[in-house]
Amino acid sequence: MHAWGILLQLAALVAALSASCLAADNPKHEEKLREFFTKDGHTNNWAVLMCTSRFWFNYRHISNTLAMYRTVKRLGIPDSNIILMLADDMACNPRNKLPAAVYSHPDHDIDIYGENVEVDYRGYEVTVENFIRMMTGRVTPDTPRNKRLLTDDKSNIFFYLTGHGGEDFLKFQDAEEINSQDIADAFAQMRAKRRYNEILFMADTCQANTLYSRFKSPNVLSVGSSELGQNSYSYFHDPELGLTVVDRFTYVNLKYFEGVGMQSTKTFADLFSSYDTKVIRSNPRYDSRWFGRRLNE
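Parameters and conventions
- Residues numbered from 1 in each chain as written.
- Predicted model: local features only at pLDDT ≥ 70, side-chain atom pairs only at ≥ 80, totals over all residues.
- Heavy atoms only, no water.
- Helix = DSSP H or I, 4+ residues; strand = E, 2+ residues; numbered from the N terminus.
- Contact = heavy atoms within 4.5 Å.
- Areas by Shrake-Rupley, 256 points an atom, 1.4 Å probe, with all protein chains shown as cover.
- Axes fitted to C-alpha atoms, helices over the stretch in contact; angles between N-to-C directions.
- Parallel < 35°, antiparallel > 145°, perpendicular 65-115°, else oblique.
- Left-handed = near helix turned anticlockwise from the far one by under 90°.
- Nonpolar A, V, L, I, M, F, W, Y, C, P; charged D, E, K, R; others polar.
- 1 Å grid on protein atoms, 1.4 Å probe; cavity = no way out; pocket = protein on both sides within 12 Å on 5 of 7 lines; lining within 4 Å.
- Points joined across faces, edges and corners; volume = space filled by probe spheres on them.

Asks: Kindly report on the overall build of the protein, identifying the contributing residues and their values.
Replies: A count of helices and strands for the protein gives eight helices and twelve strands. Nonlocal contacts in the protein, meaning residues at least 24 apart in sequence, comprise 70% of its contacts between residues at least 6 apart. Carbon together with sulfur atoms contributes 51% to the accessible area of the protein, which is approximately 14600 Å² in total.

This is how it looks when you write it as structure tokens:
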């Protein structure tokens, strides 16, 4: 809900409560306030956006993540509630003919690196250990706030992962891997420690749908770009940069999100039904077995 809408509802609620409570104490006052703030099951939204690839030829993975970062900010999630993890800095790469900028379209109409990008984990900080510690809250005491996922049992979290993957694994910087069981265990720990209300897990890698094959934690909705044995394909070759600048599955999601505002009534059912396999060239799939409610809600 838009911030102004919340303020207006809160003002109306306070006025109504004041009228009934000024003359005498009302035992239902506190209960009504609590219901107002928790009526939809959550009070705050977070996003964890991660690119695990290094090297110039993986430009599109950085672009995927930065474009998703721009989108979630436009839809109302502030930097304080976003964990951005980039294994490389394409804006400063010496091979970048458009220095200090990153683009997801060859038209170069929007610099998605821009002036207000806050990278929380950069370069060799993007490791399997740091990712799992951040998810589960098992960080060292000296870890700064921007590297902490400060969620609770009222938090809805969007996880977006992109890079090179295979059956049940995602590569980190060509040096290590995280597997589907690792992520499933981390989500189970998060649930046990009351660190989320609902999770949307989205992966754009080769064989991405295998990454959520071990998930069993409640209130987790998962979607991936490609099935077992399938690749995730790139989109838009940029002749000036000499490479492709976005992946097809991410592009389709971003295009859909551009038509969504903070007051939108669109649902996950609408999003998933918008996927065009002729454009994506692989078979995206979702798993709602553990989500707990219908996608058209």
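Structure shown, so let's carry the discussion forward.
Asks: Could you give an account of the packing of helix α3 (residues 59-74) against helix α6 (residues 248-257), naming the residues involved and the relevant values?
Replies: The geometry of α3 relative to α6 is characterised by a closest axis approach of 11 Å and an angle of 20° between their N-to-C directions. In terms of axis orientation, α3 runs roughly parallel to α6. Crossing of α3 against α6: the hand is left-handed. Contacts between α3 and α6 pair N64, A67, M68, T71 and R74 from the former with T250, L254 and F257 from the latter. Its residues assigned to classes, the contact of α3 with α6 shows four nonpolar, three polar and one charged.

Asks: Kindly report on the layout of surface pockets, identifying the contributing residues and their values.
Replies: Of the voids in this model, the second largest pocket is the one considered here, and its volume is about 320 Å³. Surrounding the second largest pocket, 14 residues form its lining, R70, S104, I110, L254 and E258 being those nearest its centre. Those elements that provide at least two residues to the lining of the second largest pocket are α3 and α6.

Asks: Provide a residue-level description of the environment of P284, including the pertinent values.
Replies: As for its placement among the helices and strands, P284 is situated in the loop between α8 (277-280) and β12 (285-287). Residues P284 and A203, 81 residues apart in the sequence, show an inter-C-alpha distance of 9.8 Å. Beyond its immediate sequence surroundings of up to four residues, P284 is in contact with N209, G224, S225, S226, F249, Y275 and T277.

Asks: So what's going on with the packing of helix α4 (residues 128-136) against helix α5 (residues 180-192)? Residues and values would help.
Replies: Their axes nearest at 9 Å, the elements α4 and α5 cross at an angle of 25°. Looking at the two axes, α4 sits roughly parallel to α5. Along this stretch, α4 crosses α5, giving a crossing that reads as right-handed. Contacts between α4 and α5 involve I132, M135 and T136 from the first element and D182, A186, F187, Q189 and M190 from the second. Classifying every residue of the contact of α4 with α5 by side-chain character gives five nonpolar, two polar and one charged.

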